[in-house]
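Working through the structure, step by step
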Amino acid sequence: MLMIIANAMTEGMLLAMGPEERLGLDIKRAEQELMAAKHTALKPTGLTVPQYAALYTLAGNPGISSAALARTCLVSPQAMNVLLKNLQERGLVERTPHPWHGNVLETTLTEEGRAVLAAADARAVRIEQAIADELTPDERDTLRTLLDRCVKAVRHAG
């Protein structure tokens, strides 16, 4: 980072923001640490982080369409279809035609899917709890508010 700044300064470019004002790398570092920790925690269950997220979401939203599941899990519909196909091949989810909309597949957890999710969630919740334990309830609320404001600012700037 310092090399980039030094090069920019020697090339006569003005930096609109100094490195101490930029938050993008801090946000990305926190997100990467969280995902790496969850990846490691989930490995014994045979699930990836996106697969865990899909199973977790399905547990609370049985029958959700793959498009809605993709939006909730922050992946593309194409990636979700591949993910669901893999989970279905492992016997963790069932996909059946919607009773009224035959071209829409409803996805639900199987008994095996519920068991794998329970094992995975027990491991993932430790990481979430470690984060929660570092913050007071008010700080958690503040963090959520601040992150929401960051998301809105990025959308507005884009």
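Presented here is a report on the structure given in the accompanying data block. Small disclaimer: the values here were computed from a predicted structure and weren't measured.

Rules and cut-offs
- Residues numbered from 1 in each chain as written.
- Predicted model: local features only at pLDDT ≥ 70, side-chain atom pairs only at ≥ 80, totals over all residues.
- Heavy atoms only, no water.
- Axes fitted to C-alpha atoms, helices over the stretch in contact; angles between N-to-C directions.
- Helix = DSSP H or I, 4+ residues; strand = E, 2+ residues; numbered from the N terminus.
- Parallel < 35°, antiparallel > 145°, perpendicular 65-115°, else oblique.
- Left-handed = near helix turned anticlockwise from the far one by under 90°.
- Contact = heavy atoms within 4.5 Å.
- Nonpolar A, V, L, I, M, F, W, Y, C, P; charged D, E, K, R; others polar.
- Core = buried A, V, L, I, M, F, W, Y, C linked by side-chain atoms within 4.5 Å.
- Buried < 20%, exposed > 50% of the residue type's maximum accessible area, 1.4 Å probe, protein only.
- Salt bridge = Lys/Arg side-chain N within 4 Å of Asp/Glu carboxyl O.
- Polar contact = N/O pair within 3.5 Å; in protein donor to acceptor, adjacent residues only side chain to side chain.

**Some remarks on the packing of helix H3 (residues 49-60) against helix H6 (residues 111-134)**
In the contact formed by H3 and H6, the axes pass within 10 Å of each other and the chain directions differ by 115°. By the angle between their directions, the pair H3 and H6 is classed as roughly perpendicular. Along this stretch, H3 crosses H6, giving a crossing that reads as left-handed. Between H3, through Tyr52, Leu55, Tyr56 and Ala59, and H6, the contact on the second element is made entirely by Gly113, Leu117, Ala120, Asp121 and Ala124. The residue inventory of the contact of H3 with H6, partitioned by class, reads seven nonpolar, one polar and one charged.

**Comments concerning unusual backbone geometry**
The phi torsion at Leu74 lies on the positive side, around 60°, for a residue other than glycine. The topology assignment puts Leu74 in the loop between helix H4 (66-73) and helix H5 (77-89).

**Description of the nonpolar core**
Judged by nonpolar contacts, the single largest core of 23 residues is most densely connected at Leu47, Leu55, Leu69, Met80 and Leu87. Within the residue set of this core, elements represented by two or more residues are H3, H4, H5 and H6. At five residues, H3 tops the list of elements feeding residues into this core. Setting aside anything within four residues of it in sequence, one finds Leu47 in contact with Leu42, Tyr52, Leu55, Leu87, Arg90, Leu92, Val116 and Ala120.

**Some remarks on the pattern of salt bridges**
Applying the stated criterion to the full structure yields six salt bridges. Note that Asp26 is salt-bridged to Arg29, the shortest N-O span being 3.1 Å. Here the residue Asp26 and the residue Arg29 both occupy positions in helix H2 (residues 24-42), the gap between them amounting to three residues, near one helical turn. Its salt-bridge partner being Lys152, residue Asp148 comes within 3.0 Å of it at the nearest N-O pair.

**Here we look at the side chain of Gln51**
Residue position: Gln51 is located in helix H3. On the basis of relative accessible area, Gln51 is assigned to the buried category, the value being 9%. In terms of polar contacts, Gln51 uses its side chain to reach the backbone amide nitrogen of Thr48, at 2.9 Å. Ignoring sequence-local partners within four residues, the contact set of Gln51 consists of Gly46, Leu83, Asn86, Leu87 and Arg90.

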